[in-house]
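# Chain and residue survey
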Amino acid sequence: MKYRMKLWTGISAAALIAASSAVAGKSGIAAHDGSDDGAVRIAAMGEGGEGGEGGEGGEGGEGGVDPAAAATDPAVYLTALDIIRAHYLAGIAMLDIEGGRRAAGEMFAHPISEVYIDLEPVLDARGAAPFMDEMTDAVELALGDAPAADAEAAAAKVLMALDAAAEKAPANDRSALQIEAALTAGMFDRAAKQYDAATSAGGTEEAWLDGYGFWKVAEARAPALLAALDTRDDAGALQQELREAREVFGLAYKRPTPPAEADIPASTLLAASSRILLKTSRL
């Protein structure tokens, strides 16, 4: 298949090593509008267990995406895209860090096998353009000698492809608000769990970077969700939880590299994300 040929012939040996090790925003986010036509745009910048980075096998905050569910459930479909987006936002942030090129390349490579390969048939069935080539180009440029600006431009193409794919999300009986709430809550949850994994004994920089990416996606989705909740008389408590979570997660994830000592206890983030999950589930 084309994507497998690309993996073996189109990217360097270094990129393949990075992809294997990973597995062994600057763009807006598209929010599903509840119709089969796709999504409305969220004008926001920046942005649990998939075998879990930061703890492969469920220790961290990633959650496996079921392709069959993604084919019919907009929240699952869009979550898969958000997981890819999170990796690319984190990778782009590392391009600006001295010595961060390898970490950036690994972030770009990781979702290829973790998410994209299983998701591509769903994208095809939904009429979304494939973007495997764009992903592998970003990996190669990040790990090679190309200017960081070239790697960032390649990653930006992936973010654009994610926006386009989001417009092809399936529909079900959940409202646009319910879907957006589930997506936002899910990203806060993943960010909290990855923070917990990263700051626990044996935590890794990879877990931190994963969490940073999830946080950037949650941060980008939150403003539109807050605005949508203005139409609900019973949503004041959830809005307050979201505002407080944005503040505390922002303090926790000040930068894409982990601090020598965490400023915020993991329990604080886990509690905040749990409250958001509970309240969004009741919408």
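Residues numbered from 1 in each chain as written. Predicted model: local features only at pLDDT ≥ 70, side-chain atom pairs only at ≥ 80, totals over all residues. Heavy atoms only, no water.

## Looking at the overall build of the protein
Heads up, the rule is: Secondary structure elements follow DSSP: runs of H or I no shorter than four residues count as helices, runs of E no shorter than two count as strands, and numbering proceeds from the N terminus. Whether a residue is buried, partly exposed or exposed follows from its accessible area with a 1.4 Å probe, protein chains only, as a fraction of its type maximum: under 20%, in between, or over 50%, in that order.
The helix and strand tally for the protein stands at 11 helices and 2 strands. Beginning at the N terminus, the succession of helices and strands in the protein can be written as α-α-β-β-α-α-α-α-α-α-α-α-α. Burial analysis of the protein (283 residues in total) assigns 51% to the buried set.

## Topic: the nonpolar core
Put simply, the test is: Remark: nonpolar core denotes a set of buried residues (Ala, Val, Leu, Ile, Met, Phe, Trp, Tyr, Cys) joined through side-chain atoms within 4.5 Å. Note on contacts: a residue pair qualifies if any of its non-hydrogen atoms lie within 4.5 Å across the two residues.
By size, the foremost hydrophobic cluster in this structure holds 81 residues, and its most contacted members are Y77, F108, F131 and F249. In terms of residues, this core owes the most to one element, helix α4 (residues 74-95), which gives 14 residues. With sequence-adjacent residues up to four places away left out, F108 is seen in contact with H87, Y88, G91, I92, L95, M135, A138, V139, A142 and A155.

## Thoughts on the packing of helix α9 (residues 205-229) against helix α10 (residues 236-252)
Spelled out, the test is: Note on geometry: axes are C-alpha line fits, over the in-contact stretch for helices, and angles between N-to-C directions span 0 to 180 degrees. Angle categories: roughly parallel below 35 degrees, roughly antiparallel above 145, roughly perpendicular from 65 to 115, and oblique for all the rest. Crossing handedness follows the turn of the near helix against the far one: under a right angle anticlockwise gives a left-handed crossing, and clockwise gives a right-handed one. Lys, Arg, Asp and Glu make up the charged group, whereas Ala, Val, Leu, Ile, Met, Phe, Trp, Tyr, Cys and Pro make up the nonpolar group; the residues left over, Gly among them, are polar.
At a minimum axis separation of 10 Å, α9 and α10 run at an interaxial angle of 150°. It follows that α9 is roughly antiparallel to α10 by the angle criterion. Crossing geometry of α9 relative to α10 is assigned as left-handed. Contacts between α9 and α10 involve W208, W215, E219, A222, P223, L225, L226 and L229 from the first element and L238, Q239, L242, R243, R246, F249, G250 and A252 from the second. Along the lines of polarity and charge, the residues of the contact of α9 with α10 split into 11 nonpolar, 2 polar and 3 charged.

## A word on the packing of helix α6 (residues 132-143) against helix α7 (residues 148-166)
Running from N to C, α6 and α7 cross one another at 160°; their axes reach a closest spacing of 8 Å. Classified by the angle their axes make, α6 and α7 are roughly antiparallel. At the point where α6 passes α7, the crossing takes the left-handed sense. For the pair α6 and α7, contact is made by E134, M135, D137, A138, L141 and A142 and by D150, A151, A154, A155, K157 and V158, respectively. Grouping the amino acids of the contact of α6 with α7 by side-chain chemistry returns 8 nonpolar, no polar and 4 charged.

## Quick word on the environment of A142
Within the secondary structure, A142 is located in helix α6. Residue classification places A142 among the buried positions, given a relative accessible area of 1%. Considered as a pair, A142 and R102 are 40 residues apart in the sequence and their alpha carbons are 7.0 Å apart.

## Let's talk about the pattern of salt bridges
Filter applied, for reference: Throughout this description, the term salt bridge denotes a Lys or Arg side-chain nitrogen within 4 Å of a carboxyl oxygen of Asp or Glu.
On inspection of all chains with the given rule, the structure shows 11 salt bridges. In this structure, R85 engages D82 in a salt bridge whose closest nitrogen and oxygen atoms are separated by 3.9 Å. Separated by 3 residues within a single helix, R85 and D82 lie in helix α4, roughly one turn from each other. Both residues of the pair, R85 and D82, belong to the buried class. The residue R221 makes a salt bridge to E180 at a minimum N-O spacing of 2.9 Å. Of this pair, R221 sits in helix α9 while E180 sits in helix α8 (residues 176-199), placing them 41 residues apart in sequence. The exposure class of R221 is buried, given its relative accessible area of 1%. Using a relative accessible area of 6% as the deciding quantity, one classes E180 as buried. Sharing partners across several salt bridges, the network here consists of D82, R85, D163, E180 and R221.

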